[in-house]
Amino acid sequence: MNIPLLDLKAQYASIKTEVNAAIQEVLESQHFILGPKVEECEKAIAAYSTCSYGIGVSSGSDALLACLMAENIGPGDEVITTPYTFFATVGAISRLGATPVFADIDPATYNINVSQIASKITKKTRAIIPVHLFGQVADMDPVMLVARDHNLIVIEDAAQAIGAEYKGRRAGSIGDYGCFSFFPSKNLGAIGDAGMIITNDAERAEKLKVLRGHGSKPKYYHRVVGGNFRLDAIHAAVVLAKLSHLDSWTAARQHNAKRYDRLFREADLPIGLPVVTTNRHIFNQYVIRSSSRDQMQSFLKKKGIGSEVYYPVPMHMQDCFAYLRIEAGAFPESESAARESLAIPVYPELNEEQARYVVESIAGFVDQTEPVPAEFTRA
Ligand SMILES: Cc1ncc(COP(=O)(O)O)c(C=O)c1O
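No experiment lies behind these values; they were computed from the predicted model shown.

(A) Quick look at the sheet that holds strand β3 (residues 99-102). Taken together, the 7 strands give an open sheet; going across it, the order is β1-β9-β8-β5-β4-β2-β3, and neighbouring strands pair in mixed fashion. The open sheet has two free edges, formed respectively by β1 (53-57) and β3, since each of these has just one partner strand. Between one strand axis and the next, the sheet turns by 25° as a mean value, whatever way the strands run. Pairing of strand β4 (residues 125-129) with strand β5 (residues 153-157), which is carried by 2 bridges, proceeds in the parallel orientation. Paired with I128 across the bridge in β5 is V154.

See the structure below:
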């Protein structure tokens, strides 16, 4: 059997007519950058996320960068986040000359350990970026409390978490800004790089719109330096076409996750399973843990099963951040997650037979590697 980590071809096959029509409409309009489709998409994503304003941008990475720029964060400033994330979270801070400051993760959820945030705050701290990893919102109440106490900006990195909820509130709508990625492998993916920022603050929304067009306002007059962070209409059109399917895809992912939970428990395997602490985990990834992760991944590959390590090197151990002078061992939970975690297929179209095959294959791997009990080896 061949089971990829994500089957985008299956998704496209099920919505081909709608997506093709959406693309065709943009081609007919010949309006390719920003414009009415982007505005429609901004309104729809903001509404879906129960937020007032959406600002379409070129990627999730640029969404994070633009929010930090909107707050004039730069050299001399510190931003607190987690080292167990995709590079973009920390890259955005560093690119602006600000200093990333890390708090370790909670090993149950892989999200920032909020009890470590307060001790990281200094006079230089300007912002916190909680990351809603794998599709589950970080513990936002304590994040917001500590942020308001210290007058810090909160930028939610919700790149993996569109539609996820925390105490009934949607990902991205809780902090000052929420950043989404429409990278094709996300639950709501464009046909290339694309992203969006949401906010409830009209002034911030306006500032972001200026920043995404090189800071131009009015046209060709620049009071600030921005960038080319504009969203293309073709991506907005595809995102809009897919949005009406998002809730059913999410439900299918949640169903697949529950089925895995059950099958893994029945098989009684020595692996860690995802821990759900919020009311709507959208399972962008279903991540298991094993002390023999690398061997397990090679075994699964031979069985035709796709998997991925998110992420093999925590940010404080990346070569480009050596200047931070953080020793290995500083964030033990992030480091052990980087050694042990493995994402397995959980995409909406995954069926019962495929899920059973994945679990049986992992059970087969465990059987093969399980140390032989002592009573069998005694002479
Ligand atoms: C947690 C996280 N932050 C930021 C990003 C950046 O998004 P993009 O790839 O759209 O630039 C991603 C996407 O991979 C992500 O997973």
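(B) Focus on the layout of surface pockets. The calculated volume of the largest pocket comes to roughly 500 Å³. In this structure, the largest pocket is lined by 30 residues; those nearest its centre are F86, Q160, F183, K186 and Y311. Of all the secondary structure elements, the ones that give two or more residues to the lining of the largest pocket are α3 (60-70) and α4 (87-95). Partitioning the lining of the largest pocket into residue classes produces 16 nonpolar, 10 polar and 4 charged. Of the pockets and cavities examined, the second largest pocket occupies roughly 250 Å³. Taken together, L34, E206, K209, V210, R212, G213, S216, K217, K219 and R230 make up the lining of the second largest pocket. Per-class residue counts for the lining of the second largest pocket are 2 nonpolar, 2 polar and 6 charged.

(C) Spotlight on the nonpolar core. By size, the foremost hydrophobic cluster in this structure holds 48 residues, and its most contacted members are I45, I117, M140, I162, F182 and L188. Counting only elements with at least two residues in this core, the list comes to α1 (8-29), α2 (36-48), α5 (140-149), β9 (195-199) and α7 (233-267). No other element matches α7, which puts 7 residues into this core. Dropping the residues within four chain positions of it, I45 is found in contact with I162, F180, F182, L188, M196, I198, V239 and L243. In this structure, L300, Y347, L350 and V359 belong to the second largest nonpolar core, which totals 29 residues.

(D) Structural view of the pairing of β3. Note that strand β2 (residues 78-81) and β3 share 4 bridges and pair parallel. Opposite I80, over in β3, you have V101 as the bridge partner. Running through α4, the crossover from β2 to the neighbouring parallel element β3 is right-handed.

(E) Representation of α7. Taking 1.5 Å of rise per residue, 35 residues should cover 51 Å, and α7 covers 48 Å from first to last C-alpha, within 8% of that figure. Roughly 50° is the biggest bend found in α7, and it falls at H245.

(F) Spotlight on the packing of aromatic side chains. Going through the model one piece at a time under the given rule, you end up with 14 aromatic pairs. Between the aromatic rings of Y260 and Y286, the centroid separation amounts to 4.9 Å while the plane-to-plane angle is 40°, which identifies the pairing as tilted. Here Y260 is found in helix α7, whereas its partner Y286 is found in strand β10 (residues 286-289), with 26 residues between them in sequence. Of the two residues, Y260 and Y286, neither departs from the other in class, the shared state being buried. Just above the ring of Y48 sits the side chain of R170; from NZ or CZ to the centre is 4.7 Å.

Rules behind the numbers
Residue numbers here run from 1 along each chain, matching the order of that chain's written sequence. Two thresholds apply to this predicted model, a pLDDT of at least 70 for residue-level local features and 80 or more for giving and counting side-chain atom pairs, whereas whole-chain, interface and lining totals are computed over all residues. With hydrogens and water set aside, each side-chain value is computed from the structure's full complement of heavy atoms. At least two DSSP bridges between two strands are required for those strands to pair. Helix numbers and strand numbers start at the N terminus; a helix is a DSSP run of H or I with at least 4 residues, a strand a run of E with at least 2. To get an axis, fit a line to the C-alpha atoms, keeping to the stretch in contact for a helix; angles then go from 0 to 180 degrees between the N-to-C directions. Using protein atoms alone on a 1 Å grid, points that fit a 1.4 Å probe yet trap it form a cavity, whereas open point sets bounded by protein on both sides within 12 Å along at least five of seven lines form a pocket; residues with an atom within 4 Å of a point count as lining. Grid points are joined across faces, edges and corners, and a volume is the space filled by probe spheres set on the points. By the convention adopted, Pro, Cys, Tyr, Trp, Phe, Met, Ile, Leu, Val and Ala count as nonpolar, Lys, Arg, Asp and Glu as charged, and the other residues, Gly among them, as polar. Here, nonpolar core refers to any group of buried Ala, Val, Leu, Ile, Met, Phe, Trp, Tyr and Cys residues whose side-chain atoms link them within 4.5 Å. Remark: exposure states derive from per-residue accessible area (1.4 Å probe, protein chains only) relative to the maximum for the residue type, with buried under 20%, exposed over 50%, and partly exposed in between. Any two residues whose heavy atoms approach within 4.5 Å at even a single point are treated as in contact. With the strands aimed away from the viewer, a crossover counts as right-handed if its path from the first strand over the helix to the second runs clockwise. Expected helix span is computed as 1.5 Å times (number of residues minus one). Note that bend, as reported per residue, equals the angle between axes fitted to the 7 residues terminating at that residue and the 7 residues originating from it. For this analysis, a ring pair means two rings from Phe, Tyr or Trp (six-membered ring only for Trp) whose centres lie within 6.5 Å, classed as stacked if their planes differ by under 30 degrees, edge-to-face if by over 60, and tilted for the remaining angles. For a Lys NZ or an Arg CZ to count as sitting over a ring, it must be within 6 Å of the ring centre and within 35 degrees of the ring normal.

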